[in-house]
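Fold and contact review
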Amino acid sequence: MTPEKIADFKKKLEEEKKVVEGQLGSMGAKDGAGEWTAGPGAIDEGATEPDELADRMEQQEENADEIAALAPRLKDINDALEKIEEGIYGACEVSGEPIEEERLEANPAARTCTKHL
Ligand SMILES: [Zn+2]
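What comes next is a walk through the structure. (Residues numbered from 1 in each chain as written. Predicted model: local features only at pLDDT ≥ 70, side-chain atom pairs only at ≥ 80, totals over all residues. Heavy atoms only, no water.)

**Topic: the pattern of salt bridges**
Side chains that differ in charge, positive against negative, can pair when their charged atoms come close. A full pass over the atoms with the stated rule returns 10 salt bridges. Of the charged contacts, one joins Lys12 and Glu105 as a salt bridge, the two residues approaching to 3.1 Å between their closest N and O atoms. Placement of the pair is Lys12 in helix H1 (residues 3–27) and Glu105 in helix H3 (residues 101–106), with a sequence separation of 93 residues. In this structure Lys12 comes out as partly exposed when scored by relative accessible area, which is 30%. A relative accessible area of 34% means that Glu105 is categorised as partly exposed. Salt-bridge contacts for Lys115 lead to Glu97; the nearest nitrogen and oxygen are separated by 3.0 Å. With a gap of 18 residues between them, Lys115 in the segment after H3 and Glu97 in the loop between helix H2 (50–86) and H3 connect regions that are remote in the sequence. Residue classification places Glu97 among the partly exposed positions, given a relative accessible area of 31%. Counted as one network, the salt bridges with shared partners bring together Lys75, Asp76, Asp79, Lys83, Glu93 and Arg111. (Salt bridge = Lys/Arg side-chain N within 4 Å of Asp/Glu carboxyl O. Helix = DSSP H or I, 4+ residues; strand = E, 2+ residues; numbered from the N terminus. Buried < 20%, exposed > 50% of the residue type's maximum accessible area, 1.4 Å probe, protein only.)

In structure tokens, the structure reads:
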């Protein structure tokens, strides 16, 4: 893969990272271990009515689901960016073969080639 191509994927990864981190930041917070956990969302602090509390809990559950879906995506992106730094970007994690460029176009954070999905 050419350095220009890698720079292109890096740009895409950094942009997606910003988006995913923004989404995660609006729904939760990073704990001390760097894991994302759901926060109470946009609902006002200090809710005391039972139905308000129920809403908050519901919101938090929804956030937790979203975070569970987004956090692994962020990890894929971060790992891909690390590989770019290490100069090993674009190699299949199973076979070490180059990942198809079309596959990386569709998902620059792909870990494996199409043979090892
Ligand atoms: Zn492979």
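We are not done yet, so read on.
**Remarks on H1**
Taking 1.5 Å of rise per residue, the 25 residues of H1 would be expected to cover 36 Å, and the 36 Å separating its terminal C-alpha atoms lies within 8% of that figure. Taken together, the buried positions of H1 are occupied by Phe9, Leu13, Val20, Leu24 and Met27. (Expected span 1.5 Å × (residues − 1).)

**A look at the coordination of the zinc ion**
Within the protein, the atoms that donate to the zinc ion are Cys92 (SG), Ser95 (OG), Cys113 (SG) and His116 (ND1), at distances of 1.9 to 2.7 Å. Its four donor atoms give the zinc ion angles of 86 to 122 degrees at the centre, a pattern that matches the tetrahedral case. One chain supplies every donor for the zinc ion, spaced along it as C-x2-S-x17-C-x2-H. Here Cys92 is found in the loop between H2 and H3, whereas its partner Cys113 is found in the segment after H3, with 21 residues between them in sequence. Since its relative accessible area comes to 5%, Cys92 is described here as buried. (Donors = N, O, S within 2.8 Å, 3.2 Å for Na, K, Ca; no water. Tetrahedral: all angles 85-135°; square planar, octahedral: opposite > 155°, others 65-115°.)

**A look at a negative patch on the surface**
A contiguous patch of negative charge on the surface is contributed by Glu49, Asp51, Glu52, Asp55, Glu58, Glu61, Glu62, Asp65 and Glu66. With respect to the element layout, Asp65 can be found in helix H2. (Patch = residues over 30% accessible without salt bridge, like charges linked within 9 Å, V, L, I, M, F, W, Y side chains within 5 Å. Areas by Shrake-Rupley, 256 points an atom, 1.4 Å probe, with all protein chains shown as cover. Lys, Arg positive; Asp, Glu negative; His and termini not counted. Charge placed at Lys NZ, Arg CZ, Asp CG, Glu CD.)

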